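# Coordinates in review
Read off the chains here:
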Amino acid sequence: MTRSRLTVMMCAGTGCIASGSMKVKHALEEEIKKQGLEDEVKVVMSGCNGYCSEGPIVEVYPGGVFYQKVTVEEVPKLVEEHFLKGRPYEKLMFKEPLKKAPLPEIMSIPFFKHQVVRVLRNRGLIDPEKIEDYIARDGYQALAKALTSMTPGDVVKVVSDSGLRGRGGAGFPTGKKWELGLKIKSDLKFVVCNGDEGDPGAFMDRSVMEADPHAVIEGMIICGVATESHKGYIYVRAEYPLAVKRLQIAIDQCYEAGLLGENILGTGFAFDLDIYQGAGAFVCGEATALMRSIEGKRGMPRPKLWRSAEKGLWDKPTVLNNVETFANIPQIILNGAEWYKSYGTEKSTGTKVFALTGATRDSGLVEVPMDTSLRKIIYDIGGGIKKKGRAFKAVQLGGPSGGCIPEQFLDIPVTYEDIKKAGAIVGSGGMVVMDDTNCMVSTAKFFLEFTTDESCGKCVPCRVGTKLMHDMLADICEARGQEGDIEVLQDLSYDIIDSSLCGLGQSAPNPVLSTIQYFRDEYEKHIRDKWCPTGVCRDLTTFVIDRNFCKGCGACMRACPSKAITGEKKQPHLIHQDACVHCRTCWDTCKFNAIRILPASARTASEEEMERLIVKLFGSRPETAPEPTAAKAAASTAKAPEVTK
Amino acid sequence: MELTINGKKIQAEKGQTILQAALANGIKIPNLCYDKRLVPYGGCRLCIVEIEGSRKLEASCATLAKEGMNVFTDTPKVRKVRQRVIELMLVHHPLDCPTCDKAGECTLQDLAFEYGQPRARFVRERKDKPADSRDPLIEINANRCILCGKCVRICAEHQGRGALGLIGRGFPTVVQPAFGEVLNCDYCGQCIDVCPTGSLLNKSFKYKARPWMMEEADTICPFCGCGCTLTVGKFEGKIARSRGHEDTGVSKGSICSRGRFGVDYIYGGERIEQPMVRINGKLAPSSWEEALKYAGDCLKYVVTVHGPSAVGAIGSPRCSNEDNYVLQKFMRQIGSDNIDSSAALGYGIAEKVWQRAFGLSGHKVSLSSPLGKEAVLVIESDLNVTHPSFGINLFKATREGTKLIVADSRETRLAKQASEWVKVRQGTGTALLNGISKVLLDKGLYDTAHAPKIKGFEELKKSLEEYTPEKAGQITGTGAEAIIAIAESLASAKSRMLALSIGPSENAKGGDAVMAAANLINLLGESPDALQIPAEYANTFGLYKVGVRPDAGPMYQPVDQAGQGLPEMLYGRANGAGRPPVKALYVMGADPAATFPDSQNLVKRLSELDLLIVQDVVLTETAKLAHVVFPAAGWAEKDGTFTNAEGVSQGLCRIVDPPGASLPDWKILADLSEAMGSGMGIKGRRDITDELLRMEPGTSEPATPEFHAVRYNPGEEPDEAYPLSLVVRDVLQHAGSISTRSRSLGLVSPEATIEISRRDAGKLGIAGNERVRVVSRRGKASLTAIVSDEVPDGAVYVPAHFPESGVNSLRHLSGNGEGPLDAVRIEKS
C-alpha cells in the first residue's frame, strides 16, 4: 500500500449519504484524477461523523481540516485549493458563530470541542468496511487480552468495576448481567445485541453500527468469553440497511481473520455471530419481545417469570445488551475500570452518546461524560436555539418512555438518577430540544400516538390505556377538552404504569405526566380557554394581526397558503377569519411579532373585541421585544404604527 | 414450600406461580388469560396481587411462588387496578350482551359485575365490525374480543394446530386465521370453550338457548375410545350443545370436533319410534307385546329346529356395558357363544395378539402415555384423527422433546409435526417392524439378558432372517438406512413406546402388524405397556370386557369351546367341524350391511337368514332386511356406562327422553327373555351393575411374554386391471358411521372422498373435486376425487365412515392374517 500525502475522509453515515455524500465522493475522485493526484490523495469512506446537520462532511488528514455542506459544485475548487495548492478552502469551513471567522480544525469547532469520544472514538477516522483500519486503532486488542490473560471472572469483574450501565435505556448494571450469565450453567447460552433502536429522533446505535461495527462485534465476543457463551445474534431493524451491510461485512472479515468461528486467535475459544433483521416493531426493542422475534414468533414481551439470564432466547440463558453498551466494552477491557470511571459520577460512570436533535442550531451525535449538564450539551455543543428570537422551552429525553424537562432543570447533569428525578429518563439517548413554538400538549399527543401505534396489544392497560390517552389528548387539541381531563389523564397514567406488562406500557404515560407537571397551564389553556398559545393546535387558534406592530411588509400575505391575508403596502394587514386555515405560516413568517394567536372563540369576534383580547392577553406591547434582524432593515421606512380606525 | 395468601398459610410446589398455588388451594384470583394447559401469558393484568416487600403490584400468573411470601389478593389497591383494567376492557366493548350467546356464562360479564363501576369515565365509539361467520361451525366476533389470546394459544400450544393468530398490532389487533381467510382447522372448538367473552361462538348453538335456561350434565362422548367427558346442555327437551369443561374427565376438558359438534347426530336420520314386524314382506308397526312375542317365538323355533348354535348375535361399541352384557347373557342363556361385534375387525385383533404375546388380557392404553417418553414410533396410524385426545399428547410430547417417529404412507399432520416422518409404502408395517427387530438382533441392541429366554425366540430369529434391513427397506420403500436408524433410536432411548390404531374403518394393518410390534417390544425388553393400541370406539373396550366375543364371557373368562365370530357368522369362513351356519341373527346397534367390509355380499348373506332381529335407533340398512325391528334408546337417552380405551368405566347419563316407545337395549333384551318364558333376573339397571361388579376381576396376572413369528403379507397387489391400492383411513370429523348423521359435522365433512396423488390424478385426467367411480373386485362406489399432495403415488385414500358411499362394498374382510389392502381402479364418470 502506497502512502498518500492526503487522506480525505468522506462521511458515509446515513445522514451524510442522505444529503448527497456519495455523489460528492464520486466527484472528488473524478476531480482528483483529473488533477492527476490519485497517487497522492486518497478518498476514504468513513462512518458517521456525528455532525449530521452539516453534512455532507469531509475531513482531510493530516491536519484534521473540517469541511461541511460540501456540494458537487464546490468539489473542483476544493481540490484545486486544498489538495493541489495546499491552501485549506475557507468557504466550506465551519464559521465561528459570532465572529464568522472560519475554523479549519475539527477540534476547535464547538460541536466537537466539548465532547469526549470513547464509543465514537473512531468516527471519521476509519473506514468501517475495513477491518485493518479498526485493528490499526487497537481493534481486537481487548479481545486478545481477554482471551489470553484474563479468566471469564476477570472480565466480568472489570466490567462490574467500571460501573458501566446498560445504554439501552434502563441502565441496568452490565457487570451484574454478565455475572449472572457466567454463573448459570447451560449447554447453550446466547449473547444478543439489541440494535432495534426505535425511539423517534434517536440514531446513536445506527451510527455506531455503521461507523464502527467491529467495536460492537468485539464487545460481543468479549461478552461470549466472559459468560462462556459461543453464539451471538445482532438484532438490527431492517430499516437500517447500511448498518446491516456493514455489520455483515465486518462479521465476514472476522471469520476470515479468525476472530469469529472456531479457535479464535488460536485460543480454542469458539464464537459464532449472526445478524437477525427485525421487521420494525418498536416493541421488539424490549428484550423478551426481541428474543421471541428471533425465534420467529410474534414479537410480544413475555412476563418475567424467568430472567433472560436463565431462560432467554429459545429458553436458554441469554445475555442481552445494547449496541452502545457492547461498543464500550473493548475500551474498558483495554484501559481498565478506573480509566472508565474517570468520567461521570459515582453511579453513572463513563460517557454517553446522545442524539441531539430538534431546535438547536447544530444537531447530531454527541458523546459526553455523564456528569455533563444539559445546558452544556444544548448550548455549548448544540449552539443553542436555532431560530432567531425564539427561546428554549423544553428538552425531551428518553423518547416515548421519557419526559420533557423545562428550563429550570437545564443545569442538572445527564446521569440516570438526575434525569429521572427531573421526570424523564436517559433512555437510549434521544435528546429532542424544543423551542417556544412547540405546543406541549401536541408533543405529548405525538408521543402517545407513537406508543399507541407501537403497543403490541398484548396487555390491556397499554393497548387500551394508551389509545384512550391519545384520544383524550386529541380531544383536548381539537377543542373537545373538558374540565377534569387533566386529572383523568394523570389517573389513567398511574393505572397504566402500575399494571402494564412491559416497559413500553409502564413508561408510555411519561411524556404526558411530565408535560402536565411542567406545563400544566398550557393544558389548562387548551381545555378551558380553547386556546393553544403556540398556535400548533389549529382548532384552538385565531390568528389576528396586531395593528400596532404590523409594518405592512406583505411577507405574511405572500406566505399565506389560503390567501386569507389582505392589506395595502405599509398599511396594517388583515386576516380574513373565514378563509384562514390556521396553519401558522403567517406567524412563522412575520418578522415584527405582529401576528397574535388568540383562542378559537375570537374567530367570530369583532375587531374591537379582538383588540381588547389582544390587550388582555398580551398587553399593548409584546411581552418580549424580539430583535428581528429584518426589523432594523424595515425601521428606516416604518413610521410609528397608526391605528386606522 | 409454604407461603401465605390473604393470611392463610398454603403449600406450593417449586416452579408454581402464585396464581397456580392459589387456585390449587381454593383461593380465587380473577383472571382472563390464564389456562392450566397454557404457558403463562400475563396479558389481562387482572390477576395482579400485592406482595409484601414488593414495590410494584405483580401479576400472580407470572410470578413464581417463593418460600415465605406474603401475598394479598384483594386489597383496595388491587381492587382498584382491577376495576380500572376492566373499565378499559369495556370502553370499546359492544353493548350487545342481550343478544350475545355468551351472556350468562361470560367471564368478562361476571367480572364487570363484580368490579365494574356504575359510571363510565370514557365514552368512546364501541367496536362495530361485522362478525366473521363465513365458517360453517365457528363464528368470530372481533368486537367482543379482549385479546387475551387464549384461543390463539390453545390452538397452537395445546392443539398443535395454530389456525388462529393475532393479526396486527396494538389496539387494532384482531384474532383471525392467517391472511384473513376462512378458518381452516380441526374444529375441536377449544377456542370456543376458552374464550372468556362471546368472541368465538359455536354456530350450531347460536341463538338457541340462554345458558341460564339450559340444564347441563356431564356425560361420556359417544364417538371414539378416548372417552372424554362432554358437558351437554339441554333446552326444551333437546340437546342444545356440548362443550368441554376445564379439568373434567380423562382429557381434562379437551374435546374434539366430534364430541363438540357431532352430538346432534342423535337428531339425524328418522328415528324408529315403534317396534316393527315384517308382514307380507314389509315392515309394519307393531306393539311391544306383539313384537316381543313374535321375536321370541321365532327365536325359540330356530333353537328347537337347528339347535342353539344356529343363533348368533352382534353387539355394539355404541351401546353401554349394560346393554352388551345383557346381550351376551341372553345369548349364553339360549346356549350359544356365537356373539361378536365390529371389535373383531379392530380392537379384538389387538387383544388376541396381546394375549398371545404377553399372556395378558384386557389391553388398555393410557392417554398420557406419550408424555415423557424419549422415543415413540407410530406405525401407519393417524392417532391424532382416530383418537384426538391421545394424539394431542403425541404432539405435546414432541414439543417437550420426545422423538416421535411416524412411519406412514401418508403425510398426515402427525407426520408433519413429528420429529421424523418415515415414508413407508402403504400396508407394510409388518415388514418395517420385522426389519427393525432384525436390526436389533443383528446389532445386539436387544435385551440380550432376557429376550433369548422368551419362548419362541429361536423361531423368531429364524423367521426374521429374510427381513434384512435391505429387504425390509425394499418392501417398505424406506431403504435400509431408515430402518437401521429407527432401530437405533429405539434401542438407545431410555423410554420408548410403539403406538398404532386398528379398527374396522382402517385396512392398512392387521393382527400381524400388532404381533410384529409386540415381538419388537419383547425384544427390547420393554414392558407390555410400551405397546399402545387404543380401542376404537366409545365402548369397544367395554363390550369386549363384558363378554361380547365368541371365545370368552364377561371379564375375559374363556368359554369351553369358542362360538362363531364375525368371520364365521357373516363371511362364511370355516367355523369348526360340523357346526351349522347361523340361521338366526340378533343385531344390536350395528349395521353390518352398510358399515362392515364387503357390504354387498353381506346384504346377500343377511337376506338369506331365517331370522334377523335388529334393535337400533334408526332404520339402518341391516334393519331394513330384518324380520323384527325394536326401537332402542340411543346415547344420551339412557343411563349406563362406557369403558374407554384406558379401561376406565364412566357413567353415561340420560339427558333427553327417548322418542316414542323406544327402550334401552338391555331392557328390550330383558323383556324378550321374559316373553320367551325364561327371564334373566334383571328387573332394573341396578341388577346389571351388581352382576358386573361381582364379576370384576381382582389382581392382574403377571406377563408371560412369547414370541410369535409373523410374515409380511402384501395382500391384494395392484395389477393392470386394478392398478391402485385402496387405503381406508379415518377422517378427523368422524368416528365410525354414526357421526355422519350429525348435521353440524356434515357441514365440514359431508361426504366420502377419495384422495389421489397429483401424478395418478394426472394420468387419469382427474382435475380434482369431481365424481369418480371406484371399482374393486367386490364392488363399486361413487366418490368425489380430491387431488392431494399428502398421499403417495399408487395408492388412494378413502374414509369408511359414510355408509351410503359404498366404500365398504369395495373392501374385503381383512385383519386376521389376510392381506390388508384392496386393489381398485378409478373410472371417470
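So, here is what we can say about the structure in this document. (Residues numbered from 1 in each chain as written. Chains lettered and ligands numbered in written order. Predicted model: local features only at pLDDT ≥ 70, side-chain atom pairs only at ≥ 80, totals over all residues. Heavy atoms only, no water.)

## Things to note about the overall build of chain B
Secondary structure summary: chain B contains 26 helices and 32 strands in total. Whereas a compact globule of 829 residues would reach a radius of gyration of roughly 28 Å, chain B reaches 28 Å, a difference of no more than 12%. Its C-alpha atoms put chain B at 90 × 70 × 60 Å along the principal axes. The contacts in chain B between residues at least 6 apart in sequence include a share of 72% that link residues at least 24 apart. Split by element, the accessible area of chain B, about 30,800 Å² in all, is 51% carbon and sulfur. Here chain B contributes 99 positively and 99 negatively charged side chains, and the mean placements of these two sets differ by 5 Å. (Helix = DSSP H or I, 4+ residues; strand = E, 2+ residues; numbered from the N terminus. Rg over C-alpha atoms; globule rule 2.2 N^0.38 Å. Contact = heavy atoms within 4.5 Å. Areas by Shrake-Rupley, 256 points an atom, 1.4 Å probe, with all protein chains shown as cover. Lys, Arg positive; Asp, Glu negative; His and termini not counted. Charge placed at Lys NZ, Arg CZ, Asp CG, Glu CD.)

## Quick look at the pairing of strand β27 (residues 724-728) of chain B
Regular strands have side chains that alternate between both faces of the sheet. Residues and elements named next belong to chain B. Of all 5 residues making up β27, 5 are buried, and the element is well covered by its neighbours. Judged by which residues are buried, β27 turns out to be covered on both faces: Leu-724, Leu-726 and Val-728 on one side and Ser-725 and Val-727 on the other are all buried. Of the strand pairs in this sheet, β27 and strand β32 (residues 822-828) are connected by 3 bridges, and their pairing is antiparallel. Bridging from a neighbouring strand, Leu-724 pairs with Val-824 of β32. (Buried < 20%, exposed > 50% of the residue type's maximum accessible area, 1.4 Å probe, protein only. Pairing = 2+ DSSP bridges.)

## Focus: the environment of Ala-823 of chain B
All names here are of chain B. Relative to the assigned elements, Ala-823 resides in strand β32. Overall, Ala-823 belongs to the buried group, its relative accessible area being 0%. As a C-alpha pair, Ala-823 and Ala-735 span 88 residues in sequence and 24 Å in three-dimensional space. Those residues in contact with Ala-823 that lie beyond four places of it in its chain are Glu-716, Glu-717, Pro-718, Tyr-722, Leu-724, Val-775, Ser-776 and Arg-777.

## Section: the sheet that holds strand β18 (residues 403-408) of chain B
All names here are of chain B. Spatially, 5 strands are ordered β19-β18-β17-β20-β21 in an open sheet, and the strand pairing comes out parallel. Each edge of the open sheet carries a strand with a single partner, namely β19 (420-423) and β21 (531-532). Strand direction decides the pairing type here: strand β17 (residues 375-379) and strand β20 (residues 496-499), joined by 4 bridges, are parallel. Note that in β20 the partner of Val-376 across the bridge is Met-497.

## Structural notes on the interface of chain B and chain A
Taken together, the contact between chain B and chain A spans 32 residues of the former and 33 residues of the latter. Taking both sides of the interface into account, the surface hidden between chain B and chain A amounts to around 2,800 Å²; carbon and sulfur atoms contribute 61%. Its largest share of buried area at the contact with chain A, chain B owes to Leu-88, Arg-124 and Arg-169 of chain B, together 23% of the area lost on that side. Across the chain B-chain A interface, the total number found is 7 salt bridges. The partner of Asp-495 of chain A in a salt bridge is Arg-121 of chain B, and the shortest N-O contact between them spans 4.0 Å. Summed over the shared surface of chain B and chain A, the number is 16 residue pairs in polar contact (both at pLDDT 80 or more). The set of elements that each furnish at least two residues to the side of chain B that touches chain A consists of α2 (76-91) and β7 (165-167) of chain B. (Buried area = accessible area lost by both parts, 1.4 Å probe. Salt bridge = Lys/Arg side-chain N within 4 Å of Asp/Glu carboxyl O. Polar contact = N/O pair within 3.5 Å; in protein donor to acceptor, adjacent residues only side chain to side chain.)

## Re the side chain of Arg-237 of chain A
All names here are of chain A. Of note, Arg-237 is situated in strand β8 (residues 231-237). Arg-237 gets classed as buried once you look at its relative accessible area, which sits at 10%. Polar contacts involving the side chain of Arg-237 include one to the main-chain carbonyl oxygen of Glu-197, which spans 2.9 Å.

## Remarks on the nonpolar core
Generally speaking, nonpolar side chains in soluble globular proteins are found buried as a group. Counting 86 residues, the largest nonpolar core has Leu-489, Val-512 and Tyr-523 of chain A together with Met-89, Ile-138, Leu-164 and Leu-200 of chain B as the members making the most contacts within it. For this core, the element with the highest residue contribution is helix α17 (residues 460-477) of chain A, accounting for 9 residues. Ignoring sequence-local partners within four residues, the contact set of Tyr-523 of chain A consists of Met-440, Val-441, Ala-444, Leu-473, Ile-486, Leu-489, Val-512, Thr-515 and Ile-516 of chain A. In this structure, Leu-120, Val-191, Val-216 and Leu-247 of chain A belong to the second largest nonpolar core, which totals 62 residues. (Core = buried A, V, L, I, M, F, W, Y, C linked by side-chain atoms within 4.5 Å.)

## Describing the sheet that holds strand β16 (residues 430-435) of chain A
Residue and element names in this part refer to chain A. The mixed open sheet is built from 5 strands, whose spatial order is β13-β12-β16-β14-β15. Of all the strands in the sheet, just β13 (364-369) and β15 (403-406) have a single pairing partner and so form its edges. Averaged over neighbouring strand pairs, the angle between their axes works out to 30° when direction is ignored. One ladder, built from 4 bridges, connects strand β12 (residues 351-358) with β16; its direction is parallel. The partner of Thr-357 across the bridge, within β16, is Val-432. Along the sheet, helix α16 (residues 440-454) makes contact with β14 (392-397), β15 and β16, crossing β14 at roughly 15°. (Axes fitted to C-alpha atoms, helices over the stretch in contact; angles between N-to-C directions.)

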